[in-house]
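Listed below, chain by chain, are the residues.
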Amino acid sequence: MMGLHNVGNSCYMNSVLQMLYNNQPFMNDVEQAFQNKDNSYLISIYFIQIYYDMREGMCNPDNLLELRNCVKNRFPHFNSQQQDAQEFLNILLDLLHEELRKPDLPQYKLQEFKKDDLDTTVAELISFLEFEASPIVKHFSNIVQVQYKCLSCFNLVLSLEIQNSILLNLINQACSLVDLVIHNFKDEEVKKECSKCKQNKQLKQTRIIKLAKNIIFSINRYKKQNLLMQYLSGDLITKNLVQISLPLFFTLNKKPLHISGMIDHLGDYNKGHYKQRLMDFIE
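Residues numbered from 1 in each chain as written. Predicted model: local features only at pLDDT ≥ 70, side-chain atom pairs only at ≥ 80, totals over all residues. Heavy atoms only, no water.

A.B. asks: What am I meant to see in the nonpolar core here?
C.D. replies: Across soluble globular proteins, you tend to see nonpolar side chains buried next to one another. Counting 39 residues, the largest nonpolar core has L17, L20, F47 and L92 as its most contacted members. Of all the elements in the fold, those that place two or more residues in this core are α1 (11-21), α2 (24-35), α3 (42-55), α4 (61-74), α5 (85-100) and α7 (135-140). In terms of residues, this core owes the most to one element, α5, which gives nine residues. Setting aside its immediate chain neighbours within four residues, L20 contacts F26, M27, F47, L89, L92, L93 and F140. If you look at the next biggest cluster of nonpolar residues, it comprises 21 residues, including V144, I166, I171 and L177. (Core = buried A, V, L, I, M, F, W, Y, C linked by side-chain atoms within 4.5 Å. Buried < 20%, exposed > 50% of the residue type's maximum accessible area, 1.4 Å probe, protein only. Helix = DSSP H or I, 4+ residues; strand = E, 2+ residues; numbered from the N terminus. Contact = heavy atoms within 4.5 Å.)

Right, dumping it as structure tokens:
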């Protein structure tokens, strides 16, 4: 995988692009979806063109600038300053999904439902996502179930979420990636008003109903302290430097997984540099 020009604090964008371009099955589906489009879609055009340039051993910095400008038109804070790679990845996947999904298809409305309807609702959602024929959904979309149970009246509320990346908050002790997943998906008591009895103590349960073909884990290593203290005293956001074990092969929900790449941030909250490590992609 060849390098990309830094077009002004663009290491966050370049790392994300190289990670996606290393996924050959995904790029094959993006190419196919793009060729079936009748109109011009700016994000897709520059995303594909940069990929073509890299395959030919070239890098045109103008295409990188145009891609960032397209994102900036929708999200103005993506300028020449350093930005967050995780945020850029999520936005880029959302924009590509909008352009490459089947046109004139209304968005699926995620809503609350009864527990007895879980299997039917999940089946309907999976069917809809397959019909969209979006390469982003095909490769990266996880279906996550969120359940709230009131600790006073035991009222139960379920909902589904589609997540293109799974956010994991770092725990204090040294751990493996699997430990992080288990910790972040354990049941927790939260303050949330019950729609039935109006009490604000509920038990939150989060479960991955359907794992994506390719799973993106975003590991949050920054810890925000009290917002008032942050305002009065300046930057009090600290970085957790816990070591994480990342085995090349592991199992999650009985699904064998292989790590194909990693994007890492060096520095502090306000400044730093992104770098990526790519491994051979295995389907």
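A.B. asks: Would you mind going over the pattern of salt bridges with me for this structure?
C.D. replies: It is possible for side chains of opposite charge to pair when their charged atoms get near one another. In the structure shown here, the tally under the stated rule is four salt bridges. One salt bridge connects E98 with R74, and the closest N-O pair in it is separated by 3.3 Å. Residue E98 is located in helix α5, and its partner R74 is located in helix α4; the two are separated by 24 residues in the primary sequence. Since its relative accessible area comes to 49%, R74 is described here as partly exposed. The closest approach of N and O atoms between R207 and D187, which form a salt bridge, is 3.0 Å. With R207 in strand β6 (residues 201-210) and D187 in the loop between α8 (177-184) and β5 (188-191), this pair connects stretches of sequence that are 20 residues apart. (Salt bridge = Lys/Arg side-chain N within 4 Å of Asp/Glu carboxyl O.)

A.B. asks: Honestly, the packing of α3 against α4 in this entry has me stumped. Any pointers?
C.D. replies: For any two helices packed against each other, one specifies the crossing angle of their axes together with the interaxial distance. It is at 9 Å that the axes of α3 and α4 come closest, and there the two elements cross at 155 degrees. Between α3 and α4, the interaxial angle falls into the category roughly antiparallel. The two elements α3 and α4 meet at a crossing, and its hand is left-handed. Residues L42, I43, Y46, F47, Q49, I50 and D53 of α3 lie in contact with α4, whose contacting residues are N63, L64, E66, L67, C70 and V71. A breakdown of the residues in the contact of α3 with α4 according to their chemical character gives nine nonpolar, two polar and two charged. (Axes fitted to C-alpha atoms, helices over the stretch in contact; angles between N-to-C directions. Parallel < 35°, antiparallel > 145°, perpendicular 65-115°, else oblique. Left-handed = near helix turned anticlockwise from the far one by under 90°. Nonpolar A, V, L, I, M, F, W, Y, C, P; charged D, E, K, R; others polar.)

Taken by themselves, the reported measurements are silent on function.
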